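Here is how the chains run, residue by residue.
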Amino acid sequence: MTVFVPPPDLQDRRTWMGLLARARPERLAELVPDEPDSGPVILRQPEIGTVMVQGRIGAAGSPFNLGEMTVTRCSLRLESGAVGHAHVQGRSKDHARRAALVDALMQTGRAAQLRRDVLEPLLRDEADRRRARAEKAAATKVEFFTLVRGEDR
Amino acid sequence: MYVAVKGGERAIENAHALLAEDRRGDTGVAELSVAQIREQLRLAVNRVMAEGSLFDPDLAALAIKQARGDLIEAVFLIRAYRTTLPRFGSSRPVDTGTMACSRRISATFKDAPGGQVLGPTFDYTHRLLDFRLAAEGQALPRPATADPVAGPVPHITSFLNREGLIETDRPGDDLPPDLTREPMELPAPRALRLQAITRGDEGFILSLAYSTQRGYGRTHAFVGELRIGTVAVEMDIPELGFAVEIGEVELTECETVNQFTGSKTEPPQFTRGYGLVFGQTERKAIAMSLVDRALRWKELGEDNTGAPAQDEEFVLMHADNVQATGFLEHIKLPHYVDFQAETELVRKLRAEGAARCQEAAE
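A quick note: this is a predicted structure, and the numbers were derived from the prediction, not measured.

Take the overall build of chain A next. Per the secondary structure count, chain A includes four helices and four strands. Across the 153 residues that make up chain A, the buried fraction comes to 39%. The contacts in chain A between residues at least 6 apart in sequence include a share of 54% that link residues at least 24 apart.

Shown next as structure tokens:
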């Protein structure tokens, strides 16, 4: 039986791909244990490389090259035909493979389960991490006062 | 000229074994892990990432361990490793306006909207050695927390923009030049200069920036805004036909506001210097923005006072510490043939000189 799965909304897919890329590799490994059954067809073996990161002159002007970052990419295809891609920061091949796998599975009937078991926990982790950092930074907010100097009196 | 020599294999092997032993130090002291360096010597890691021009904290920490803490050697290791990797492409320009800031200060606007956030800074510490750190296993102070400002904080210099008091950068999307791909050509556009400076040696850029403050190409800089935090990195994926986030990097950004009395074409206004560097690297980012501004003299119609920081060739050709180290240190390698020729020449000159003296005496 073929279950009709609508093509994933583009923005939705961008969101989960970003989330998977930013995930800690160990955390993703916990949430996506290796499945012993027929593995997906690897279209592009996990490969380590770099991406040149660009900045903008004066934050808003023309781009310039800031420096590279390490990135690992991987592409695979499920038996169902769904193709998953991943470009993830760092040099973890397992991270890239798992991210590509989840990307592919999110285009199948397992999407709802993965959203609950993988994406939502990752989202919570990230939100907690960011909030904790932001709250500590916020506690260092200062109010500077300009003092009246003698000659102003 | 360096001439290849043969021999010495065993001595070299033994020297490397001795190096490995010295690197380890006293085996009665626990070995340092790469994770410890990454977490506890983070500013060294940041510097190696910035000057190695590769954002990867684990690799930078490994390089620091291998280099025994010699940061220029570590930068060299990172640069060498980088050349072994394929490049998948370029990111979209990062948007520092959306930075999740852990620090954000302004020296020009006391009441900056979004507030001044000190973050994890050495500023206002007393610079007294803290001997408590020499004792292990002590309790950490718990940092306080407060409600953060929701949403991104705007760039402070944008407030000057509203009055037209400061120059605006023209947005563009031209493909920037890349000095890691094509040899640097002078005169260099600003984009190329910024790439060279952000990966340049911190000490060199700092000294140049300091020289402008002391009067060698003065630009009267104020720190309009300094922010440190993480930004998302987005890249267009050809297979997909759209851009996705591939990760996030920590950056330090400095925008200086500089006096400008105006020129034939421009009214008096503030001008800007810009610094953007990998990691929490505040000294470097401030220095970068001062040097960037000093190098803009021609475009702004200012006088060239002959100051080193205004000399594009001097700055750009001497900023890279891997190039500098390579050329400087190669003179310690065998130059026997060269030196033999020099010795012959000196002997010959001396002999000629002695002969002339003799003739004159006779």
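Turning next to the overall build of chain B. When helices and strands are tallied, chain B shows twelve helices and seven strands. When its C-alpha atoms are laid out on the principal axes, chain B stretches across 90 × 65 × 55 Å. For chain B, buried positions account for 36% of its 362 residues. Pairs at least 24 residues apart make up 65% of the contacts formed inside chain B by residues separated by at least 6 positions.

By the assigned domains, chain B splits into domain 1 (9-82), domain 2 (96-121 + 153-168 + 178-319) and domain 3 (330-361). For domain 1 of chain B and domain 3 of chain B, the distance between their C-alpha centres works out to 43 Å.

Opposite the 50 residues of chain A that make contact, chain B presents 66 residues. Of all the secondary-structure elements, those providing two or more residues to the side of chain A that touches chain B are α1 (10-22), β1 (41-56), β2 (63-77), β3 (83-89), α4 (111-138) and β4 (141-142) of chain A. Among the residues making up the side of chain A that touches chain B, the classes are represented as 22 nonpolar, 18 polar and ten charged.

For β2(A), a buried count of 14 out of 15 residues is recorded, marking the element as mostly surrounded by other parts of the structure. Both β1(A) and β2(A) contribute to a ladder of 13 bridges, which runs antiparallel. Bridge assignment links G49(A) to a residue of β2(A), and that residue is V71(A). Between β1(A) and β2(A), which follow one another and run antiparallel, lie six residues, and G58(A) among them has a positive phi close to 65°. By the bridge criterion, two bridges tie β2(A) to strand β1 (residues 54-55) of chain B in an arrangement that is parallel. Looking at β1(B), one finds that E68(A) is bridged to L54(B). Here seven bridges tie β2(A) to β3(A), and the two strands are oriented antiparallel to one another. Counted as the bridge partner of V71(A) is Q89(A) from β3(A). Remark: five residues form the turn of the hairpin made by β2(A) and β3(A), two consecutive strands paired antiparallel; G81(A) in that turn has positive phi of roughly 105°.

Residue and element names in this part refer to chain A. In contact at an axis separation of 10 Å, α1 and helix α3 (residues 93-105) are set at 160° when each is read in the N-to-C sense. With respect to α3, the element α1 is oriented roughly antiparallel. Between α1 and α3 the crossing geometry is right-handed. Mapping the contact onto sequence places M17, L20 and A21 in α1 and A99, V102 and D103 in α3. Looking at the contact of α1 with α3 residue by residue, the class counts come to five nonpolar, no polar and one charged.

Another point: the nonpolar core. In terms of nonpolar packing, the biggest core is built from 95 residues, with L20(A), V48(B), A60(B) and V291(B) touching the most fellow members. Ranked by residue count, the leading element in this core is strand β5 (residues 221-237) of chain B, at eight residues. Each of two domains, domain 1 (9-82) and domain 2 (96-121 + 153-168 + 178-319) of chain B, supplies a minimum of three residues to this core. If we ignore the near neighbours within four places in the chain, the residues touching A60(B) are V45(B), V48(B), M49(B), G52(B), A74(B) and I78(B).

Quick look at the packing of helix α7 (residues 190-198) of chain B against helix α9 (residues 282-294) of chain B now. All names here are of chain B. Where α7 meets α9, the closest approach of the two axes is 10 Å, and the angle between their N-to-C directions is 145°. Judged by the twist between their axes, the crossing of α7 over α9 is right-handed. Packed against α7, whose contacting residues are R193, L194, I197 and T198, the element α9 presents M288, V291 and D292 at the interface. The residue inventory of the contact of α7 with α9, partitioned by class, reads four nonpolar, one polar and two charged.

This part covers unusual backbone geometry. Apart from glycine, the bulk of residues carry a negative phi angle, and the bulk of peptide bonds sit in the trans form. All names here are of chain B. Of note, the amide linkage connecting L186 to P187 takes the cis form, showing an omega dihedral of 0°. Within the secondary structure, P187 is located in the loop between α6 (157-162) and α7. Look at R127: it is not a glycine, yet its phi comes out positive at around 60°. A tally of 6 C-beta atoms within 10 Å means that R127 is categorised as exposed.

Let us now look at α4(A). For α4(A), the principal kink sits at L119(A) and spans about 35°; a proline, P121(A), occurs within the next four residues. Of all the positions in α4(A), only V118(A), A134(A) and A137(A) are classed as buried. In this structure, the buried residues of α4(A) make contact with α2 (25-31) and α3 of chain A together with β3 (100-105) and β4 (116-117) of chain B.

Let us look at the confidence of the model for chain B. Per-residue confidence for chain B averages 92 on the pLDDT scale, and 99% of its residues sit at or above 70. Interface predicted TM-score (ipTM) for the complex: 0.92; the corresponding pTM is 0.92.

The next subject is the environment of A100(A). Residues and elements named next belong to chain A. With respect to the element layout, A100 can be found in helix α3. Judged by local crowding, A100 falls into the buried class, with 28 C-beta atoms found within 10 Å. Spatially, the C-alpha atom of A100 lies 4.6 Å from that of H85, the residues being 15 residues apart in sequence. The residues contacting A100, other than those within four sequence positions of it, are C74, S75, L76, G84, H85 and A86.

Time to look at the environment of E248(B). For E248(B), the position within the fold is in strand β6 (residues 242-258). The class of E248(B) is buried, set by 21 C-beta atoms lying within 10 Å. Placed 147 residues apart in sequence, E248(B) and C101(B) show a C-alpha to C-alpha distance of 13 Å. In this structure, E248(B) is in contact with R22(A), T230(B), V231(B), A232(B) and V233(B), ignoring residues within four places of it in sequence.

About the thresholds
- The written sequence of each chain sets the order in which its residues are numbered from 1.
- Note on labels: chains are lettered from A, ligands numbered from 1, in written order.
- Under the rules for a predicted model, residues below a pLDDT of 70 receive no local features and side-chain atom pairs below 80 are neither given nor counted, while totals for whole chains, interfaces and linings still include all residues.
- Secondary structure elements follow DSSP: runs of H or I of four or more residues count as helices, runs of E of two or more count as strands, with numbering from the N terminus.
- Every C-beta atom is placed from the backbone, and the number of other C-beta atoms within 10 Å of a residue's own sets its class: buried at 20 or more, exposed at 12 or fewer, partly exposed in between.
- Two residues qualify as being in contact provided that their C-beta atoms, derived from the backbone, are within 7 Å of each other.
- Domain segmentation is taken from an automatic or database assignment of domains.
- The nonpolar class holds Ala, Val, Leu, Ile, Met, Phe, Trp, Tyr, Cys and Pro. Asp, Glu, Lys and Arg form the charged class, and all remaining residues, Gly among them, are polar.
- Pairing between strands requires that DSSP locate at least two bridges from one strand to the other.
- Throughout, an axis means a line fitted to C-alpha atoms (over the contacting stretch in the case of helices), and angles, computed between N-to-C directions, take values from 0 to 180 degrees.
- The scheme is simple: roughly parallel for angles under 35 degrees, roughly antiparallel for over 145, roughly perpendicular for 65 to 115, oblique for anything else.
- Should the near helix be turned counterclockwise from the far one by less than a right angle, the crossing is left-handed, whereas a clockwise turn marks it as right-handed.
- One nonpolar core equals one set of buried Ala, Val, Leu, Ile, Met, Phe, Trp, Tyr and Cys residues connected by C-beta atoms within 7 Å.
- The reported bend at a residue is simply the angle between two axes, fitted to the 7 residues ending at it and to the 7 residues beginning with it.
- Along the chain, pLDDT gives the predictor's confidence residue by residue, from 0 to 100.

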